[in-house]
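Listed here are the chains, written in short residue letters.
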Amino acid sequence: MVAKRVPEAGDVLQGTLDMLILRTLVMGPAHGHTIAHAIESTSENALEIEQGSLYPALHRLEDRGLVSSEWGVSENNRKAKFYQLTGKGRKELNAATGRWRRMTRAISLILGESFD
Amino acid sequence: MWSDRLSRMRFLFGGRSRAEVDEELEFHIDRQIDANVAAGMTEVEARRQAAIEFGGRERVREQCREQRPSWSLELLLRDLRFALRGLLRNPGLASAAVLTLAVAICANSTIFSLLSQALLRALPVDDPSRLVVLNFAGSHPGHRHSEGGSSEGHTYEFSYPMYRDLREKNLVLSGLVASAPVTAGVTWNNRSEAVSVEMVSGDYFQTLGVRPAVGRLFAASDETAPGANPVAVLNFDYWRTHLAEAPVVGKNLLINGTPFAIAGVAAPGFQSVVWGRMPQVYVPITMQRTVEPEWDYLNDRKSYWITIAGRLRPEVTLAQAAASLNTLFLSVRAAEFTALADQSAKTRQEFIDHAHLNVEAGARGFSPLRDDVQAPLIIIMGMVLMVVAIAIVNVASLLLVRAANRVREFSVRYALGATSGQIVRQLLCEGLLLGVLGAGLGLALAPATLSLLIGWMAQDSPNPQAFTAMLDWRVFAFTAVAVIVGSLVFSLAPAVQFWNPRLAEALKQQAGTAMGGSLRFRKTCVALQIGFSLLLIVGAGMFVCTIRNLRSVNPGFETEHLLSFELAPAMAGYPAAGVAPVEQHVLERLGALPGIRSVGATNDEDLSGNNRAGDVDVSGYKPKRDEEFDVELPWVSTGYLETLGIPLIAGRTFNASDTATSQKVSVVNESFAKHYFASPQAALGRHVGRSGNANRAALDTVIVGVVRDVKHTTVHDPANPTCYMLYLQMGKPIGLAYYVRTWQAPQSAENSIRAAVANIDSKLIVSDVKTMTQAIDDSITSQRTMALLAAIFGGIAALLAGIGLYGILAYSTAQRTREIGIRMALGAHRATVVGLILRETLILTGWAVAVTLPVALFAARAVRSELFGVSFVHPSVYVIGIVTIGLVAALAGFVPARRAASVDPARALRTE
């Protein structure tokens with residue numbers, strides 16, 4: 001019954017965002033703010049994500065059982081929601097990383113080293 | 001899968017609530033503000049930057065909610081809430097649609113429940129699919145006792161010796177059962193009454209797989225020799241209602257005065273292997289002579305009186321069984337032929353060469369009633385389907401009108417960002433809601449309607465339980481689903497308009513010129529409704545005429561002030577010699593009662609669907625070669641012809657000088673005299689006789705009078721040649737139907753009659769007391785039912801068509817407000833405007849009528865066998881139908897037309 005949403009611009013990279021979030025959580029449980037900053041800083045600020053779009057992605061991942069969440073206390077002593085990678089999430093991350101590597105390799109093979 | 005379900009559960013118990021999402025997002029932003037302040041921004045700047053970096057907060061919240069597992073459920077609830085609000089905004093239209101659907105569902109499931117009981121239900125026995133029913137083609141010289149249901153080439157009655165041969169010599173059946181119905185006098189606790197008894201073979205219950213509720217049922221040892229097995233099994237319902245579930249096993253029950261030991265009670269729900277029989281007591285078939293003393297059938301190969309059904313052996317197919325049984329049947333027939341008196345080639349051909357045993361699948365059992373009810377029920381089903389069709393067209397047009405009225409609402413919502421998917425979803429929800437409400441209301445009404453209908457049909461019926469007020473749930477579910485799917489589909493019809501790619505332009509023009517396609521659709525709807533209604537109204541007219549004709553038929557004698565009842569002394573245990581004297585006594589006693597003009601009796605009730613026919617030898621008449629001519633042969637008492645008031649045209653009627661020992665006399669009717677002699681006068685003094693056989697002595701009577709023809713079997717059958725004989729002179733103890741002509745209302749005589757009979761002997765059972773007009777009504781029950789239902793359906797159809805027409809016309813007239821405004825501004829009168837709209841309506845009606853008339857003629861022709869005294873082209877029926885539907889259309893058009901004409905032109909022009 002639910003009508004299919006028209007894909008928005010950001011959706012193209014949705015799968016990639018999921019992968020990035022999972023990758024960030026390998027380091028240990030974190031709340032949304034930490035994850036956003038980790039992605040930005042690890043990519044040397046090349047990937048600047050709209051911070052708000054992180055949350056629908058996190059909730060989606062939680063529904064799929066790839067991450068679990070828990071309320072905890074943040075570094076500045078406030079109540080915050082911490083996300084943690086599940087076993088299923090770890091497997092999905094491996095699979096997604098593999099897919100990504102194969103794809104980028106294929107693309108770079110086509111593009112070649114450089115051309116004049 | 002599991003985690004998915006778990007998260008759904010979590011939602012139910014709170015889980016990720018809206019507040020939680022808010023808190024999480026708030027934390028993020030606060031954290032970012034802190035970070036920005038730490039990076040050296042001012043408080044205000046930090047807040048601004050944080051908001052920018054976060055993006056649209058409301059959208060994120062929305063997206064988070066959409067990730068929730070319960071999201072689709074929430075959407076559905078929201079849509080339903082919307083739909084309900086939408087329906088309530090226009091309660092008149094919504095309730096019209098719901099009522100329409102409810103009427104359709106109720107009518108459909110009621111009628112189909114009846115139909116499935118009559119035509120489709122299997123017997124409540126073990127593995128009914130292995131049952132077979134036997135009937136045969138070929139002549140059956142001798143005596144045949146039929147409940148009906150037989151037809152040319154399909155005689156369902158067999159002789160008992162033939163049954164024994166088939167049962168004992170066949171190799172394909174694991175059991176073959178015989179049964180025959182009879183009415184007998186049953187006495188329990190000194191209370192006597194006439195009850196239905198079924199004579200059954202010893203293996204009857206065992207073969208059918210019926211178990212005892214109490215005690216034991218019959219076994220092969222209960223079918224040994226004629227008169228040797230006085231045991232009885234009770235029907236469960238009879239045991240419960242008449243014997244109060246008393247411990248009965250081993251106790252005695254008197255049947256026709258003979259004690260029968262009760263062996264047990266059959267399992268609840270079981271009635272008979274023959275559909276429609278409602279026996280209350282079962283006795284072994286070998287007791288035939290006791291329960292039915294008038295006849296001696298058991299050893300007679302020329303008495304056809306039992307119906308038989310068998311159970312196929314495992315591994316045997318119907319075709320194999322049919323072939324094998326037919327061979328056996330033919331060999332028995334060949335042996336039977338040698339014992340016939342008539343050995344002519346023609347008899348041989350009819351008896352052997354034309355003979356064939358038919359084996360039919362018998363899961364539903366043989367039913368003498370089924371043929372009678374089949375045609376009427378199928379006609380009624382056709383009417384119901386038409387009502388359902390009207391209902392669906394009606395709902396479709398109502399929904400369409402509704403949607404068209406909401407173009408503006410939808411365009412606003414579309415402009416505000418609703419997707420077409422959301423609009424479609426909402427339309428579907430409204431359709432669903434209508435369908436479910438209609439189905440619910442239909443469900444609430446159906447059981448009451450069904451029992452009302454059955455109660456009405458069973459009024460005074462000889463076996464009131466033939467139909468049970470049980471709603472067939474499969475039928476109901478089917479109808480409900482059909483209607484719900486129908487309303488869903490039609491709720492989508494308007495959505496087609498919104499998928500128009502040039503929607504924006506269409507909306508700009510809005511209510512202006514109606515779109516061509518939907519206009520044609522609406523016109524089709526109107527025409528269909530008018531057409532179906534006309535069909536139903538014409539049908540109703542035909543059946544109402546039929547019933548009126550049947551009621552007013554003159555049977556040839558006065559039917560008012562005539563009361564009948566039955567009394568068989570044998571049921572009270574009278575021995576053969578005592579029957580005639582007590583009957584004579586009853587006749588004398590009743591004739592002397594105050595308020596009674598005269599009394600007579602017959603063994604062949606009038607206008608009850610029964611007849612007793614046979615062939616006779618007439619002196620001075622040379623039968624044509626191979627002539628077979630059966631005449632009606634009622635045995636009557638002195639005073640019978642006078643009581644009924646059958647006019648005498650020659651000679652004399654029976655009188656006191658005709659006694660058991662005097663010269664045997666007969667009175668014939670006009671048709672009889674015409675067939676055998678030139679004139680009524682010529683008949684007087686001639687002899688009418690019958691040759692003797694196992695069941696009767698040879699007979700010779702002198703014709704002493706000729707009377708006018710009167711209707712005998714039913715009011716719609718023409719009179720047969722009839723030869724009345726005096727029962728006293730027949731020397732056979734029989735039960736009689738008594739006719740009492742009264743001065744006052746006939747019902748008032750019942751008590752004095754009962755008292756007078758009880759005064760003679762309290763054991764005598766007076767049963768089936770009814771007036772002649774009641775008897776006539778009973779004999780035309782199926783026509784009455786049909787007339788009533790047709791009238792109801794015709795009325796419903798006209799009403800539904802009226803509602804549908806009104807809805808459509810109200811809409812299309814409203815669409816033309818501006819046009820009407822212009823016309824009136826240019827000087828048109830109100831009457832002109834009303835006339836304009838009415839004319840268009842009536843032209844459309846005219847087209848619909850013109851198209852429907854040939855269909856109506858064709859349909860009426862198809863049902864003409866159910867009509868009486870009215871031709872299928874009867875003009876007045878059609879004229880009344882057309883006028884009715886024209887009036888309905890005019891009325892439905894007039895109201896909106898008047899409303900349109902009363903609009904102020906200035907305002908009408910400003911509507912855009």
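Basis of the calculations
- Residues numbered from 1 in each chain as written.
- Chains lettered and ligands numbered in written order.
- Predicted model: local features only at pLDDT ≥ 70, side-chain atom pairs only at ≥ 80, totals over all residues.
- Heavy atoms only, no water.
- Helix = DSSP H or I, 4+ residues; strand = E, 2+ residues; numbered from the N terminus.
- Buried < 20%, exposed > 50% of the residue type's maximum accessible area, 1.4 Å probe, protein only.
- Contact = heavy atoms within 4.5 Å.
- Areas by Shrake-Rupley, 256 points an atom, 1.4 Å probe, with all protein chains shown as cover.
- Pairing = 2+ DSSP bridges.
- Axes fitted to C-alpha atoms, helices over the stretch in contact; angles between N-to-C directions.
- Core = buried A, V, L, I, M, F, W, Y, C linked by side-chain atoms within 4.5 Å.
- Domains from an automatic or database assignment.
- Buried area = accessible area lost by both parts, 1.4 Å probe.
- Salt bridge = Lys/Arg side-chain N within 4 Å of Asp/Glu carboxyl O.
- Polar contact = N/O pair within 3.5 Å; in protein donor to acceptor, adjacent residues only side chain to side chain.
- Nonpolar A, V, L, I, M, F, W, Y, C, P; charged D, E, K, R; others polar.
- pLDDT = per-residue confidence, 0-100.
- Phe/Tyr/Trp six-rings, centres within 6.5 Å; stacked < 30°, edge-to-face > 60°.
- Lys NZ or Arg CZ within 6 Å of the ring centre and 35° of its normal.
- Patch = residues over 30% accessible without salt bridge, like charges linked within 9 Å, V, L, I, M, F, W, Y side chains within 5 Å.
- Parallel < 35°, antiparallel > 145°, perpendicular 65-115°, else oblique.

**A short note on the overall build of chain B**
At step 1: A count of helical and extended segments in chain B gives 30 helices and 25 strands.
At step 2: Here chain B holds 912 residues, and the buried ones make up 51% of them.
At step 3: Counted over contacts in chain B with a minimum sequence separation of 6, partners at least 24 positions apart contribute 80%.
At step 4: About 40,500 Å² of surface is accessible on chain B, with carbon and sulfur atoms providing 60% of the total.

**A word on the sheet that holds strand β3 (residues 79-85) of chain A**
At step 1: Read from one edge to the other, the open sheet built from 3 strands follows the order β1-β3-β2 (chain A), with strand pairing classed as antiparallel. Single-partner strands in this sheet number two, and they are β1 (30-31) and β2 (67-73) of chain A.
At step 2: For β2 of chain A and β3 of chain A, the ladder comprises 7 bridges, and the chain directions are antiparallel. For Val67 of chain A, the partnering residue across the bridge sits in β3 of chain A and is Leu85 of chain A.
At step 3: Together, β1, β2 and β3 of chain A form the strand contacts of helix α2 (residues 18-38) of chain B, whose direction differs from that of β3 of chain A by roughly 100 degrees.

**Structural notes on the nonpolar core**
Residues and elements named next belong to chain B.
At step 1: Counting 81 residues, the largest nonpolar core has Phe543, Tyr724 and Phe793 as the members making the most contacts within it.
At step 2: Two domains each put at least three residues into this core: domain 3 (371-551 + 781-910) and domain 4 (569-764).
At step 3: Among the nonpolar cores identified, the runner-up in size contains 58 residues, and Leu173, Ile255, Leu340 and Leu357 belong to it.

**Concerning the interface of chain B and chain A**
At step 1: On the side of chain A, 29 residues touch chain B, which itself brings 30 residues to the contact.
At step 2: Between chain B and chain A, a total of about 2,800 Å² is buried, with carbon and sulfur atoms accounting for 51% of that surface.
At step 3: Across the pair Glu24 of chain B and Lys81 of chain A runs a salt bridge whose closest N-O atoms are separated by 4.0 Å.
At step 4: Put simply, chain B and chain A have 9 residue pairs in polar contact (both at pLDDT 80 or more) between them.
At step 5: Only α1 (2-12), α2, α3 (43-54), α4 (57-66), α5 (71-89) and α15 (420-458) of chain B provide two or more residues apiece to the side of chain B that touches chain A.
At step 6: When the residues that make up the side of chain B that touches chain A are grouped by side-chain class, the tally is 9 nonpolar, 8 polar and 13 charged.

**Looking at the confidence of the model for chain A**
Residue and element names in this part refer to chain A.
At step 1: Counting all residues, the mean pLDDT for chain A is 79, and 84% of those residues have values of 70 or more.
At step 2: Within chain A, no element has a lower average pLDDT than helix α1 (residues 14-25), which sits at 84, and none a higher one than helix α4 (residues 87-111), at 89.
At step 3: Counted against residues more than four places away or in other chains, residues 1-12, with its pLDDT under 50, gives 11 contacts.

**Some details on the pairing of strand β11 (residues 307-312) of chain B**
Residues and elements named next belong to chain B.
At step 1: By the criterion of burial, β11 is predominantly enclosed, with 6 of the 6 residues buried.
At step 2: On β11, burial covers both faces: Thr307, Ala309 and Arg311 on one face and Ile308, Gly310 and Leu312 on the other are all buried.
At step 3: Here strand β1 (residues 131-137) runs beside β11; their pairing, made up of 3 bridges, is antiparallel. Residue pairing in the sheet places Val133 in a bridge with Ala309 of β11.
At step 4: As paired strands, strand β3 (residues 173-188) and β11 are joined by 6 bridges and run antiparallel to one another. When the bridges of β11 are listed, Gly175 appears paired with Arg311.

**Quick notes on the packing of aromatic side chains**
Residues and elements named next belong to chain B.
At step 1: By the definition in use, this model includes 22 aromatic pairs over all chains.
At step 2: Between Tyr160 and Tyr163, the aromatic rings sit 6.0 Å apart at their centres with planes inclined by 40 degrees, giving tilted as the arrangement. Taken together, the residues Tyr160 and Tyr163, both in helix α7 (residues 160-169) and 3 residues apart, mark about one turn of the helix.
At step 3: When its relative accessible area of 0% is taken as the criterion, Tyr163 is described as buried.
At step 4: Taking the centre distance of 5.8 Å and the plane angle of 85 degrees together, the rings of Phe629 and Tyr676 count as edge-to-face. In this pair, Phe629 is assigned in the loop between β16 (617-618) and β17 (630-632) and Tyr676 in helix α22 (residues 670-676), connecting sequence segments 47 residues apart.
At step 5: Assessed through its relative accessible area of 23%, Phe629 is described here as partly exposed.
At step 6: Joined through ring pairs, the aromatic side chains of Tyr204, Phe205, Phe218, Phe270 and Tyr282 make up one cluster.
At step 7: Here Arg333 stacks its cationic end above the ring of Phe351, 3.8 Å away from the centre of that ring.
At step 8: The ring of Trp295 has Lys732 sitting right over it, with the charged end atom 3.9 Å from the ring centre.

**Thoughts on the environment of Val475 of chain B**
Residue and element names in this part refer to chain B.
At step 1: Residue position: Val475 is located in helix α16 (residues 473-492).
At step 2: For Val475, a relative accessible area of 14% puts it in the buried group.
At step 3: Considering only alpha carbons, one finds Val475 and Ile111, 364 residues apart in sequence, at a separation of 9.5 Å.
At step 4: Beyond its immediate chain neighbours, meaning those up to four positions away, Val475 contacts Asn108, Ser109 and Phe112.

**What about a nonpolar patch on the surface?**
All names here are of chain A.
At step 1: Together, Trp100, Met103, Ile107, Ile110 and Leu111 make up an exposed nonpolar region whose accessible area comes to about 520 Å².
At step 2: Along the chain, the position of Leu111 falls in helix α4.
At step 3: Taking relative accessible area as the criterion, Leu111 reaches 54% and is therefore assigned exposed.

**A word on unusual backbone geometry**
Residue and element names in this part refer to chain B.
At step 1: In this structure, Asn189 takes a positive phi of about 55 degrees despite not being glycine.
At step 2: Overall, the relative accessible area of 65% leaves Asn189 in the exposed class.
At step 3: Phi at Asp768 takes a positive value of approximately 55 degrees, unusual for a residue other than glycine.
At step 4: Structurally, Asp768 is set in strand β25 (residues 766-771).

**Quick word on the pairing of strand β24 (residues 736-742) of chain B**
Residues and elements named next belong to chain B.
At step 1: Most of β24 is tucked away: 7 of the 7 residues are buried.
At step 2: On β24, burial covers both faces: Leu736, Tyr738, Val740 and Thr742 on one face and Ala737, Tyr739 and Arg741 on the other are all buried.
At step 3: When strand β13 (residues 562-567) meets β24, the two strands line up antiparallel, connected through 6 bridges. Across the sheet, residue Phe565 finds its bridge partner in β24, namely Tyr738.
At step 4: Direction of pairing for strand β14 (residues 596-602) relative to β24: antiparallel, over a ladder of 6 bridges.

**Comments concerning the packing of helix α3 (residues 54-63) of chain A against α4 of chain B**
At step 1: Viewed as axis vectors pointing N to C, α3 of chain A and α4 of chain B meet at an angle of 10 degrees, and their least axial separation amounts to 8 Å. The angle between the axes of α3 of chain A and α4 of chain B places the two elements in the roughly parallel class. For the pair α3 of chain A and α4 of chain B, the contacting residues are Tyr55, Pro56 and His59 of chain A in the first and Val60, Gln63 and Cys64 of chain B in the second.
At step 2: Of the residues contributing to the contact of α3 of chain A with α4 of chain B, the split by class is 4 nonpolar, 2 polar and no charged.

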